[in-house]
Amino acid sequence: MNDTPLPTVGFIGLGSMGSGMTRNLQAAGFPLVVSDLRREAAAELVAGGAIWADTAAEVARSSDLVITMLPTPRHVADAAEGPDGILAGIADGGTWIDMSTSVPDVVERIRTATADRGLRILDAPVSGMSVGAANGMLQIFVGGEAADVERVRPVLEAMGDPERILHVGGAGAGYAVKLMINQLWFSHLVATAEVLATGVAAGVDLGVLRESLIASPANSAFVERDVLSILAHGDYDEGFAIALACKDLGLSIDLSRSVGVPVELSSLVEQVFRRARASYGDRAGEMTPFRLYEQLLGRELRLEGAAEGIGAAA
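This report concerns the structure included in the present document.

1. So, the pairing of strand β1 (residues 9–12)
- Residues Val-9 and Phe-11 of β1 are buried on one face, and the alternating residues Gly-10 and Ile-12, pointing to the opposite face, are buried as well.
- Relative to strand β2 (residues 32–35), β1 runs parallel, the two sharing 4 bridges. Bridging across to β2, Phe-11 finds its partner in Val-34.

Here it is as structure tokens:
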């Protein structure tokens, strides 16, 4: 039997994703040091034995490795830098895993500024949404040195599906892969909404139309599985706010432009998402752009007796 104690994990960011991820870490036996802007977000974890820390520096100082799960690149930078930031508390040679949907620039600037400290910094954004975070079945895309990825794999496996924890390349590759997944998934959503609304308006039964798409070369995981969130349950995924979806789309388009790739289609998709955000509010679900097409159609798109089994991927 391996009696080596599990490392203490510091975790910063206990929102809809971080709350589920930390519960799974705690269930797997990892000692936790946690912090968030809202202390009440940590109440359940603290009751289970986690230690609360007032600052990111204190988290880093008290942990064997630090994980951040934050809304935007700016939040990541704020958590890392300054007198109360991760860099002020983490030991030389320490490990920091940023699991936020972010951009390579932020952490690359930090990596360059701390090159003499030997820090091991990994970018490991996730797919699977809050349901995946809650059930420990996230897909994780990790950028960084292969040896570092393998060393922290037990920690990642406590939060994600072991078969879908992928080392996708060097530093920054995890961020890039996640942004491209988001960019394509959001495009699938808008395209599917357009096609279903148009077909139904033309008199085709919704179920027949969807089954025809599934049987055709135009099939996708979105048509076959993810859209059932809406069609079967009327769930536009309020677990992930459209304000954050718009943020992610903006980041992916910025990345595309920074590497010289024109993304006209994705830019149009972003406009649809921003129109939905303006119509339904920042806290509406990430799949709310679908409602724009239902509104044009004059009715909701719903399947009677649709199969269970849903899962948004963005």
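Now that the structure is up, let's keep going.
2. Some remarks on the nonpolar core
- Leu-196, Leu-231, Phe-273 and Phe-290 are the most contacted members of the largest nonpolar core, which totals 35 residues.
- Counting residues per element, this core draws most heavily on helix α9 (residues 173–201), which supplies 8 residues.
- Residues Val-34, Ala-124, Leu-138 and Ile-140 belong to the second largest nonpolar core, which totals 32 residues.

3. Focus: unusual backbone geometry
- The phi angle at Met-129 is positive, at roughly 60 degrees, despite the residue not being glycine.
- Secondary-structure assignment places Met-129 in helix α7 (residues 129–135).
- By relative accessible area, Met-129 is classed as buried at 4%.
- For Asp-237, which is not a glycine, the phi torsion comes out positive at approximately 65 degrees.
- Within the secondary structure, Asp-237 is located in the loop between α12 (228–231) and α13 (242–258).

4. Considering the packing of α9 against helix α15 (residues 289–297)
- Two numbers describe how α9 lies on α15: the axes approach to 9 Å, and their chain directions differ by 15 degrees. What the angle tells us is that α9 and α15 run roughly parallel. Read as a crossing pair, α9 and α15 show a hand that is right-handed. Of the residues in α15, those in contact with Leu-189, Val-190, Thr-192, Ala-193, Glu-194, Leu-196, Ala-197, Val-200 and Ala-201 of α9 are Pro-289, Phe-290, Tyr-293 and Leu-297.
- Residue composition of the contact of α9 with α15, by class: 11 nonpolar, 1 polar and 1 charged.

5. Section: helix α8 (residues 146–157)
- With 12 residues, α8 should reach 16 Å at 1.5 Å per residue; the first-to-last C-alpha distance of 16 Å fits that figure.
- Buried within α8 we find Asp-148, Val-149, Val-152, Arg-153, Val-155 and Leu-156.

6. As for the packing of helix α14 (residues 264–280) against α15
- Where α14 meets α15, the axes come as close as 8 Å, and the angle between the chain directions of the two elements is 75 degrees. Considering the angle they form, α14 stands roughly perpendicular to α15. Taking contact as the criterion, the partners of Val-272, Phe-273, Arg-275, Ala-276, Ser-279 and Tyr-280 in α14 are, on α15, Pro-289, Arg-291, Leu-292, Tyr-293 and Gln-295.

7. A short note on the layout of surface pockets
- By volume, the largest pocket amounts to about 1,100 Å³.
- Where the lining of the largest pocket is concerned, the elements lending two or more residues are α4 (73–80) and α13.
- By residue number, the principal contributor to the lining of the largest pocket is α13, which donates 4 residues.
- Looking at the lining of the largest pocket residue by residue, the class counts come to 17 nonpolar, 11 polar and 12 charged.

Basis of the calculations
Positions within a chain are numbered from 1, following the residues in the order the chain's sequence is written. Two thresholds apply to this predicted model, a pLDDT of at least 70 for residue-level local features and 80 or more for giving and counting side-chain atom pairs, whereas whole-chain, interface and lining totals are computed over all residues. Side-chain metrics rest on all non-hydrogen atoms present in the structure, leaving aside hydrogens and water. Between buried and exposed lies partly exposed: a residue is buried under 20% and exposed over 50% of the maximum accessible area for its type, with that area taken using a 1.4 Å probe on protein chains only. Helix and strand labels come from DSSP, where a helix needs a run of H or I of at least four residues and a strand needs a run of E of at least two; each type is numbered from the N terminus. Strand pairing requires that DSSP identify at least two bridges connecting the strands. Note on terminology: a nonpolar core comprises buried Ala, Val, Leu, Ile, Met, Phe, Trp, Tyr and Cys residues joined through side-chain atoms within 4.5 Å. Interaxial angle, 0 to 180 degrees, is taken between N-to-C directions of lines fitted to C-alpha atoms, where a helix line uses only the stretch in contact. When describing relative orientation, an angle under 35 degrees is termed roughly parallel and one over 145 degrees roughly antiparallel, while 65 to 115 degrees is termed roughly perpendicular and anything else oblique. Put simply, a crossing is left-handed when the front helix is turned counterclockwise from the back one by less than a right angle, and right-handed when it is turned clockwise. We call two residues in contact when some of their heavy atoms are within 4.5 Å. In the scheme used here, Gly and all other residues not listed as nonpolar or charged are polar, with Ala, Val, Leu, Ile, Met, Phe, Trp, Tyr, Cys and Pro taken as nonpolar and Asp, Glu, Lys and Arg as charged. Here the expected length of a helix is defined as 1.5 Å per residue gap, with one fewer gap than residues. With a 1 Å grid spanning the protein atoms alone, the term cavity applies to any set of points in which a 1.4 Å probe fits but cannot get out, the term pocket to an open set with protein on both sides within 12 Å along at least five of seven lines, and the term lining residue to any residue with an atom within 4 Å of a point. Grid points are joined across faces, edges and corners, and a volume is the space filled by probe spheres set on the points.

By themselves, these are just geometric observations and shouldn't be taken as functional.
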